[in-house]
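So you can see what is in the structure, the chains are spelled out below.
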Amino acid sequence: MKSQDIRKQFLQFFEERGHLIVPSAPIVLKDDPTLMFNNSGMAQFKEYFLGNATPKSKRIADTQKCLRVSGKHNDLEDVGFDTYHHTMFEMLGNWSFGDYFKKEAINWAWQLLTEVYKIPKENLYVSVFEGNPAENVPFDQEAWDIWKTLVDEDRIILGNKKDNFWEMGEQGPCGPCSEIHVDLRSEEEKAKVSGKSLVNNDHPQVVEIWNNVFMEFNRKADGSLEKLPAKHVDTGMGFERLCMALQGVQSNYDTDVFTPLIREVESITGKKYTSNEVKDISEEQNKTNIAIRVVVDHVRAVAFAIADGQLPSNTGAGYVIRRILRRAIRYGFTFLNTKEPFIYKLVAVLANQMGEFFPEIKTQQNLVTNVIKEEEASFLRTLDQGLQLLENVVKETKGNEVSGAKAFELYDTFGFPKDLTALILKEKGMSYNEKEFDTELQKQKDRSRAASETSTDDWTVLVEGNIETFVGYDEVEKEVRITRYRKVDSKKDGKLYQIVLDATPFYPEGGGQVGDKGTLFTPNQAIEIIDTKKENNLILHFAKELPENPQGKFMALVNTKLRSESASNHSATHLLHQALRHVLGTHVEQKGSLVAPNHLRFDFSHFAKVTDEELKEVETFVNAKIQEQLPLIERRNIPFKQAIEEGAMALFGEKYGDTVRAIKFGDSMELCGGIHVGNTADIWYFKIVSEGAVAAGIRRIEAITNEGAKEFFASQENALKEIKEALKNPQDSLKAVVSLQEENAKLKKQVEALLKEKAKNLKGELVSEIEEINGLKFLAKQVDLNPEGAKDLAYELGSLGTNLFLVLATAEEGKPMLTCYISKELVAERNLNAGQVVRELGKYIQGGGGGQPFFATAGGKNTDGIREALEKAKDFIK
């Protein structure tokens, strides 16, 4: 059975049983500050389990793209080494929100697996929670009794809290679970060892395929459990493992989920993959297999993350994506002998394979391909640099063991992987101190953990029920009550309170727009709201203190100055998007944005630098729309399908409901939940301040409007005034500047000529100071020249013979510089390297540098170190 059919049958089965089929949420989470990525099927439904929102159906089924590479659920280092862990995987799930419970969930799971998918019953084992007296949670007798009607008791396993009690996090909804495991071993192996003994023991052919979680409890901050007001079912079945079971293979990578990608890697690299059924393979072949598994797994995770809007970067979720891709690149580099980008070529195969069910990978194929290709090229350059640095470390090492701290520095600063370090060192008969490396790594982890450590109290609920509403589109002040609050303590922000109001005019951060600030007033107290965010459908108002009487009435007042400036920038962002599509083409799509009171930032897809002429045209287009005084046409709760049919633009990677809010200014129409001006005239003026690249195929424009533009023009006017004063107030400032530039150019040429003459004169003086040491001509001296003059002098002296080793020092305007020249013949004959020389000597002037083997320079900060640097130069030729 093909994987596409397996997926369809699952969804059809539950649709026939009254479940609403919903699409996968984006793999990148933008509205949940507690998670970077969707790491389970239930992540998009958290607000329903918490009781903060009402689902559109009490029964839902879907297949969810998941990513587990950070935090508690981190499978990254297992991927490739075994055949059943993945970074990205699909989670098939059926959900009940206060509707059916254990009986239906268990019976349907068994019926689907054994009657629809025809998995032999004798290959299946099930588990139930054994109970936990310490937490007053009993043995799951109900689940046991239901399973007894379906399977023999010897196929039911008791599971502990680790295996059979599922929790959303340290706090929140949780409950016992009942897992289903499949034994895919041969009959001979089953006869030798019972599958029951291999359940939950990391056996590659005895694996969990389905987990039925029965949400009954809420975990409080003190660790205690309380009953939830309603019981829910949360199930998850690993799609890749299910395909393995149904396609009669012994590895996820032998299913048609992965084989097309594997075949493409084989074609590109010339390396062959052996399936898991082949026994007694060589160590080299095993390394090849691992590398190919890493590549085909990781390209899925990276490609879908980029398609959903997350570009590789150096921070946050972007860093995680970059790290996954770099892991794939280095496995290819080390074990598949790929020295050029190749992973990007797999995107076409992936799009063809999964585009039907996940159309985003098809529509974003070009962008995903280009971003991965550029990332590959960049990291391969870094690997080359790391190889050179490792070579230097080896030369500096006495003995056969490299310092673990040095190996960690390569890993931490340059992204150079430790296993590649170990491999290269092994070829040289060396190793590195792993214990020292692990110590440094742990220190870094501890620092990171300490910086992000947060403790969150339980909610103090003042008003029961889900009554919170947002009124901020129509009101900026409102009489309110607090429905709940809690304290959050973190190393980063200190002690803060999160306050929820029954009705709030405060806009929570979202859609690129920053959250509102403002004040909660009582007759006796003013509580400053420093930020507003949304989490699990609750609008959280952040404050440094609580009101004296939280149960009283308050007047919530938004900071309208900050809000109106954000609104101006947000509306300008919509006009900018329209302008870019008009000027550059309809291929332009928004890829990210930031809307703050003082500026806006807009990322968009485009494969070339935007020219000055195009930027001017874009600016003119937006300002023309401002001059047209276009009124805001806002339509709330319009059906999503209708809005799209009417021409509204939806953004990839955003999660939209059945009804949406459409914002229209003239011909610009976008789906948006943000705050906007009432008329484009309120924007006043739009000014682009920068344009540049973010990633391959992604450009960024930063711009200002309104007060920001006024301040910009005022500063420009002031700068022009100061320039005029400096030029003695000429009638024509531009003509005066041009004249000054021409005069400066003439003087510069004269200075250069004088310095060259000075270098020639110095040449005659210094020839007599050259020493002969070990058959080499040697000179190390400080000279009264600028760095360019020192370079000229070095080449002048170098023309005198074939065996010169020269180090010159300069200190123009207190900035020390070392210049090293080594005759090319010496470089070849004696393995000397000017770049290495200046890197070492640069330490004495608190700096560094590099260059070619025969000529290199190093700059620094400490002129007092010049003397010692020149003295140490002699050590290189002794």
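Our subject is the structure that appears above.
S.K.: Would you mind going over the overall build of the protein with me for this structure?
M.R.: Scanning the protein for helices and strands turns up 25 helices and 37 strands. Counting only C-alpha atoms and orienting by the principal axes, one finds that the protein spans roughly 105 × 75 × 50 Å. When burial is assessed residue by residue, the protein has 50% of its 878 residues classed as buried. Of the contacts formed within the protein by residues at least 6 apart in sequence, a portion of 68% connects residues at least 24 apart. Carbon and sulfur atoms form 47% of the exposed surface of the protein, whose accessible area is close to 41300 Å². The average position of the 112 basic charges and that of the 133 acidic charges among the side chains of the protein differ by 2 Å.

S.K.: What is the right way to look at the sheet that holds strand S29 (residues 668-671) in this model?
M.R.: Two orientations exist for strands paired in a sheet by backbone hydrogen bonds: parallel and antiparallel. One open sheet accounts for three strands, arranged S27-S28-S29; its pairing is antiparallel. Unpaired on one side and paired on the other, strand S27 (633-639) and S29 mark the two borders of the sheet. Neighbour-to-neighbour, the strand axes of the sheet open up by a mean angle of 25°, direction not taken into account. With five bridges joining them, S27 and strand S28 (residues 659-665) adopt antiparallel strand pairing. Directly across from Pro-639, in S28, lies its bridge partner Thr-659.

S.K.: Help me understand the nonpolar core, please; the structure alone is not making it clear to me.
M.R.: Within soluble globular proteins, side chains that are nonpolar tend to cluster in buried spots. Ranked by internal contacts, the top residues of the largest apolar core, which has 119 residues, are Leu-113, Tyr-117, Ile-119, Leu-242, Ile-343 and Ile-372. With 14 residues, the single largest contributor to this core is helix H9 (residues 283-307). Apart from the residues lying within four places of it in its own chain, the contact partners of Ile-372 are Val-299, Val-302, Ala-303, Ile-306, Leu-325, Ile-343, Tyr-344 and Val-347. Core analysis: the next-biggest nonpolar cluster, separate from the first, contains 40 residues, Leu-766, Ala-834, Phe-854 and Ile-866 among them.

S.K.: What is the right way to look at the packing of aromatic side chains in this model?
M.R.: Two measures describe an aromatic ring pair: the distance that separates the ring centres and the angle between the ring planes. Counted under the stated rule, the structure contains 37 aromatic pairs. When the ring of Phe-10 is compared with that of Trp-210, the centres are 6.1 Å apart and the planes differ by 55°; the resulting orientation is tilted. A residue pair is termed long-range when its members are at least 10 positions apart, and Phe-10 in helix H1 (residues 3-15) and Trp-210 in strand S10 (residues 206-219) qualify at 200 residues. In this structure, Phe-10 and Trp-210 share a single accessibility class: buried.

S.K.: Just to check I follow, could you spell out the sheet that holds strand S26 (residues 600-605) for this structure?
M.R.: Ordered in space as S25-S26-S31-S30, the four strands form an open sheet in which the pairing is antiparallel. Because the sheet does not close on itself, it has two edges, and the strands there are strand S25 (590-595) and strand S30 (686-695). Taking the axes of each pair of neighbouring strands and ignoring which way they run, one obtains an average angle of 15° across the sheet. As paired elements, S25 and S26 share five bridges and run antiparallel to each other. In the sheet register, Ser-593 faces S26, and the bridge partner there is Phe-602.

S.K.: Mind showing me how you'd approach helix H11 (residues 347-354) here?
M.R.: Within H11, six of the eight residues are buried, leaving the element largely enclosed by the surrounding structure. Buried residues of H11: Val-347, Val-349, Leu-350, Ala-351, Gln-353 and Met-354, and no others. Contact partners of the buried residues in H11: H1, strand S5 (88-97), helix H8 (259-269), H9, helix H12 (360-363) and helix H13 (365-396).

S.K.: Teacher, can you tell me more about the environment of Tyr-497 here?
M.R.: Topologically, Tyr-497 is positioned in strand S18 (residues 494-501). Distance in space between the C-alpha atoms of Tyr-497 and Leu-632 is 36 Å, their sequence separation being 135 residues. Apart from residues no more than four positions distant in its own chain, Tyr-497 is found in contact with Arg-486, Lys-487, His-541, Phe-542, Ala-543, Lys-544, Glu-545 and Leu-546.

S.K.: What's the story with helix H10 (residues 316-335) in this structure? I'm lost.
M.R.: Spanning 20 residues, H10 covers 29 Å between terminal C-alpha atoms, matching the ideal 28 Å at 1.5 Å per step. The element H10 is extensively covered by neighbouring structure, given that 14 of its 20 residues are classed as buried. Within two residues after H10, Asn-337 carries a phi angle of roughly 60°, on the positive side.

S.K.: Just to check I follow, could you spell out the pairing of strand S34 (residues 804-812) for this structure?
M.R.: Regular strands show a simple pattern: their side chains alternate between the two faces of the sheet. With seven of its nine residues buried, S34 lies for the most part within the structure. Direction of pairing for strand S33 (residues 776-782) relative to S34: parallel, over a ladder of six bridges. Looking across to S34, one finds that Leu-779 is bridged to Leu-806. On the question of chirality, the crossover connecting S33 to the parallel S34 by way of helix H22 (residues 787-798) is right-handed. Here S34 runs beside strand S35 (residues 815-822); their pairing, made up of eight bridges, is antiparallel. From the neighbouring strand, Glu-812 faces S35, where its bridge partner is Lys-815. Between S34 and the antiparallel strand that follows it, S35, lie two residues; Glu-813 among them carries a positive phi value of about 55°.

S.K.: Even after reading the chapter, I still don't get the packing of H13 against helix H14 (residues 404-414), so can you show me in this structure?
M.R.: Helix-helix packing is described using two parameters, namely the angle between the two axes and the distance between the axes. As a packed pair, H13 and H14 sit with axes 11 Å apart at the nearest point and diverge in direction by 160°. In terms of orientation, H13 and H14 fall into the roughly antiparallel class. Handedness of the crossing formed by H13 with H14: right-handed. Side by side, H13 and H14 meet where Phe-379, Thr-382, Gln-385, Gly-386, Leu-389, Leu-390, Val-393 and Glu-396 of the first sit next to Lys-406, Leu-410 and Phe-414 of the second. For the contact of H13 with H14, a count of residues per class yields six nonpolar, three polar and two charged.

S.K.: Explanation requested: the packing of H8 against H11 in the structure shown.
M.R.: Taken N-terminus to C-terminus, the directions of H8 and H11 make an angle of 160°; their axes are 10 Å apart at the nearest point. In terms of orientation, H8 lies roughly antiparallel with respect to H11. Considering only the axes of H8 and H11, their crossing is right-handed. Facing Pro-260, Leu-261 and Glu-264 of H8, the residues of H11 in contact are Val-349, Leu-350 and Gln-353. Looking at side-chain class alone, the contact of H8 with H11 contains four nonpolar, one polar and one charged residues.

S.K.: What am I meant to see in the side chain of Gln-513 here?
M.R.: Structurally, the position occupied by Gln-513 is in the loop between strand S19 (503-504) and strand S20 (518-522). Looking at Gln-513, the relative accessible area reads 1%, which means it is buried. Among the polar contacts made by the side chain of Gln-513, one reaches the side chain of His-570 at a distance of 2.6 Å. A polar contact of 3.1 Å, which involves the side chain of Gln-513, links it to the backbone nitrogen of Ile-675. In this structure, Gln-513 is in contact with Tyr-507, Ser-566, His-570, Val-595, Gly-674 and Ile-675, ignoring residues within four places of it in sequence.

Rules of the game
Residues numbered from 1 in each chain as written. Predicted model: local features only at pLDDT ≥ 70, side-chain atom pairs only at ≥ 80, totals over all residues. Heavy atoms only, no water. Helix = DSSP H or I, 4+ residues; strand = E, 2+ residues; numbered from the N terminus. Buried < 20%, exposed > 50% of the residue type's maximum accessible area, 1.4 Å probe, protein only. Contact = heavy atoms within 4.5 Å. Areas by Shrake-Rupley, 256 points an atom, 1.4 Å probe, with all protein chains shown as cover. Lys, Arg positive; Asp, Glu negative; His and termini not counted. Charge placed at Lys NZ, Arg CZ, Asp CG, Glu CD. Pairing = 2+ DSSP bridges. Axes fitted to C-alpha atoms, helices over the stretch in contact; angles between N-to-C directions. Core = buried A, V, L, I, M, F, W, Y, C linked by side-chain atoms within 4.5 Å. Phe/Tyr/Trp six-rings, centres within 6.5 Å; stacked < 30°, edge-to-face > 60°. Expected span 1.5 Å × (residues − 1). Right-handed = clockwise from strand over helix to strand, strands pointing away. Parallel < 35°, antiparallel > 145°, perpendicular 65-115°, else oblique. Left-handed = near helix turned anticlockwise from the far one by under 90°. Nonpolar A, V, L, I, M, F, W, Y, C, P; charged D, E, K, R; others polar. Polar contact = N/O pair within 3.5 Å; in protein donor to acceptor, adjacent residues only side chain to side chain.

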